[in-house]
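Examining the three-dimensional arrangement
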Amino acid sequence: MNELPQQLVNGLLLGSMYGLVAIGYTMVYGIVQLINFAHGEIFMVGGFGALTVYLYVLPDGTSMWVALPLMLIGGVIVSVLVAVGAERFAYRPLRGAPRLAPLITAIGLSLALQQAVWVWYPDARSAITFPHIDGGPFEIGNVTIQTGDIFLIVAAPISMAFLAYFVMKTRTGRGMQATAQDPDTAKLMGINTDRIIVVAFALGAVFAAVGAVAYGLKYGEVQFRMGFILGLKAFTAAVLGGIGNIYGAMLGGLVLGVAESLSTAYISDIPGMDQFGSQSWANVWAFVLLILVLLLRPQGLLGERVADRA
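In short, a report on the structure. Within each chain, residue numbers correspond to sequence positions counted from 1 in written order. Local features in this predicted model are restricted to residues of pLDDT 70 or higher, and side-chain atom pairs are both shown and tallied only at a pLDDT of 80 or more, whereas totals for entire chains, interfaces and linings draw on every residue. Excluded from the side-chain calculation are hydrogens and water; included are all heavy atoms of the structure.

**Describing helix α6 (residues 171-181)**
Where α6 is concerned, the buried positions are Thr-172, Gly-173, Gly-175, Met-176 and Thr-179. Down the axis of α6, the sector holding all buried residues measures 155°, keeping them to one side. Along α6, the residues that are exposed and aim more than 90 degrees away from the buried face are Arg-171 and Gln-181. By definition, residues are in contact when any of their heavy atoms lie within 4.5 Å. Numbering of helices and strands runs from the N terminus, with a helix taken as a DSSP run of H or I at least four residues long and a strand as a DSSP run of E at least two residues long. Residues of α6 that are buried in the fold lie against α1 (4-32), α5 (147-169), α7 (183-188) and α8 (193-219). Summary of the burial criterion: residues with accessible area below 20% of their type's maximum are buried, those above 50% are exposed, and those between are partly exposed, where the area comes from a 1.4 Å probe applied to protein chains only. The arc in question is the one spanned by the directions pointing from the helix axis to the C-beta atoms.

Written out as structure tokens, the structure is:
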């Protein structure tokens, strides 16, 4: 039990990263009812965009405290460009098509982005070392925080505060709420729903890029496959919280992260469960949690029942 505070902090940090990526899933689904399975690769290209700034734009020896904001900007630009391009050229032409068509397109786009990075980015066929922040780790009581997690501790709450302000207080945010509730009526009220959808894709990409930089700092590497599993977990977090609910996405991410951390730490202590507590089983327990939530509360933790909206 002495390890419990450390495991909770580890889970909250991991969950914050899941939540940042899950926001992109839930925003797009809430407005256009599309599960963008390419969002994990938008997260991935954001990490490579940030790395590109460090390797090929900044002079050698640049301090990470100077480089990090510029890397973040680079990652955001790449992610937003890919996301907006996907919306314009892959998803918008299929907006009136049966739902299976954009879903298959999203899967195809996911594979295409993976292969594009694998083929054209230098040395991307294996993991590439991501720059790290010097210093640390930091001890707070019984809890150890690695230097790479400092960025996530700062970025996650700032990102959520910005999103809450944007959605609730700005004209575009209110337009997003109106479009999510009834796109046809929103058009009649003069809202440019095409623009709102582009903004939703772009905002989701911004948070994905922030999550990608946090991933690189935490694990010390980026690779072309990194968006696949993390994207699935972020989608799981969005479903856990209630797909379409932006606050639910972050809550689902935190719940998933804590559950994953605690399961890998403590399940092996249960008699007969020794082999199920390793890190390789973390993904399994994440999806077991999803199944349980869907059985007990299909609409997610913060989602509305269909009857509630009728």
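**Comments concerning the packing of helix α2 (residues 39-57) against α8**
Only the stretch in contact is used when fitting a helix axis, every axis being a line fitted to C-alpha atoms; angles between N-to-C directions are given from 0 to 180 degrees. Between α2 and α8, the shortest axis-to-axis distance is 8 Å and the interhelical angle comes to 60°. By the angle between their directions, the pair α2 and α8 is classed as oblique. Our pair here, α2 against α8, has a crossing hand that is right-handed. Across the interface between the two elements, His-39, Ile-42, Phe-43, Gly-46, Gly-47 and Ala-50 of α2 pack against Gly-204, Ala-205, Ala-208, Gly-211, Ala-212, Val-213 and Tyr-215 of α8. Reported orientations rely on four angle classes, namely roughly parallel under 35 degrees, roughly antiparallel over 145, roughly perpendicular from 65 to 115, and oblique for the rest. Crossing chirality is assigned from the near helix's rotation relative to the far helix, an anticlockwise turn below a right angle marking it left-handed and a clockwise turn marking it right-handed.

**Focus: the environment of Gly-49**
Summarising the element assignment, Gly-49 is placed in helix α2. With 29 residues separating them in the primary sequence, Gly-49 and Val-78 have C-alpha atoms 5.7 Å apart. Excluding its chain neighbours within four sequence positions, the residues that come into contact with Gly-49 are Gly-74, Gly-75 and Val-78.

**Details of the packing of α6 against α8**
Packed helix pairs are characterised by how far apart their axes lie and by the angle those axes make with each other. Interaxial distance between α6 and α8 falls to 10 Å at its minimum, and their mutual angle equals 105°. Between α6 and α8, the interaxial angle falls into the category roughly perpendicular. For the pair α6 and α8, contact is made by Thr-172, Gly-175, Met-176 and Thr-179 and by Thr-193, Arg-195, Ile-196, Val-199, Ala-200 and Leu-203, respectively. For this scheme, ten residues count as nonpolar: Ala, Val, Leu, Ile, Met, Phe, Trp, Tyr, Cys and Pro. Four count as charged, namely Asp, Glu, Lys and Arg, and the remainder, Gly too, count as polar. For the contact of α6 with α8, the class distribution of residues is 5 nonpolar, 4 polar and 1 charged.

**Here's the deal with unusual backbone geometry**
Despite not being glycine, Gln-33 has its phi angle at roughly 55°, a positive value. When you line up the elements, Gln-33 lands in the loop between α1 and α2. For Gln-33, a relative accessible area of 35% translates into the label partly exposed. In this structure, Asp-123 takes a positive phi of about 65° despite not being glycine. Inspection of the secondary structure assignment puts Asp-123 in the loop between α4 (100-120) and β1 (128-129). Take Asp-123: its relative accessible area is 65%, and that puts it in the exposed class.

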